[in-house]
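Geometric and topological summary
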Amino acid sequence: MTVIKDEYISDDITLHDVLPIGFLKKSRYTGEKRGMRFLLEKAEVSEEKAPDESDEAKTVTRLRACVWPEPYAYDFTDDSFKRDTYFDFSEEGIEEAIKWLNERLPEFDR
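Residues numbered from 1 in each chain as written. Predicted model: local features only at pLDDT ≥ 70, side-chain atom pairs only at ≥ 80, totals over all residues. Heavy atoms only, no water.

1. Remarks on the nonpolar core
- Core analysis: the largest hydrophobic core is formed by 20 residues, its most contacted members being Met36, Leu40, Leu63 and Leu101.
- Mapped onto this core, the elements with two or more residues apiece are helix 1 (21–24), strand 4 (36–47), strand 5 (58–69) and helix 2 (91–104).
- Broken down by element, this core gets its largest block of residues, five residues, from helix 2.
- Leaving out residues up to four positions away in the same chain, Leu40 has contacts with Val18, Leu24, Arg28, Tyr29, Leu63, Arg64, Ala65, Ala97 and Leu101. (Core = buried A, V, L, I, M, F, W, Y, C linked by side-chain atoms within 4.5 Å. Buried < 20%, exposed > 50% of the residue type's maximum accessible area, 1.4 Å probe, protein only. Helix = DSSP H or I, 4+ residues; strand = E, 2+ residues; numbered from the N terminus. Contact = heavy atoms within 4.5 Å.)

Structure below.
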């Protein structure tokens, strides 16, 4: 960690690196850290229904987190290199996603 004028630059992704949930409601957020590219975005996901529920699939809003190696942007990277998972679409979900992203960082260190 480096201190610059009472602020710090962390080697990990922090909440300060990610825009708030209000931004994620409307747009995808992408970033890069230590050779790992990542994105956070709102996603509508079909949940499996319980056997006693109706035949209609239930769609829920989730926070999708995805990682892939540099150098290319998401749209120019083969899907086989991407890994993703989903979290609750909430402030707590963002915190969990950041933790998940940081756990992936060592896989991409150069």
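Structure's up, so let's keep going.
2. Details of the pattern of salt bridges
- Applying the stated rule across the entire model yields twelve salt bridges.
- A salt bridge links Arg34 to Asp12, with the nearest nitrogen and oxygen atoms 3.5 Å apart. Within this pair, whereas Arg34 is found in the loop between strand 3 (29–33) and strand 4, its partner Asp12 is found in the loop between strand 2 (7–9) and helix 1, the two being separated by 22 residues in sequence.
- Owing to a relative accessible area of 30%, Arg34 belongs among the partly exposed residues under this scheme.
- For Asp12, a relative accessible area of 36% puts it in the partly exposed group. (Salt bridge = Lys/Arg side-chain N within 4 Å of Asp/Glu carboxyl O.)

3. Concerning unusual backbone geometry
- Of note, the amide linkage connecting Glu70 to Pro71 takes the cis form, showing an omega dihedral of 15°.
- Within the element layout of this structure, Pro71 appears in the loop between strand 5 and strand 6 (83–88).
- Notably, Arg34 is not glycine yet its phi reads approximately 50°, a positive angle.

4. Quick look at the environment of Pro106
- Along the chain, Pro106 turns up in the segment after helix 2.
- Counting along the chain gives 71 residues from Pro106 to Gly35, while the straight-line C-alpha distance between them is 9.5 Å.

5. Some points on the confidence of the model for the chain
- Within the chain, residue pLDDT values average 84, and 80% of them lie at 70 or more.
- Summarising per-element confidence for the chain, the mean pLDDT is lowest in strand 1 (residues 2–4) (43) and highest in strand 6 (96).
- This model gives residues 1–6 a pLDDT under 50, and the stretch forms eight contacts once residues within four places in sequence are excluded. (pLDDT = per-residue confidence, 0-100.)

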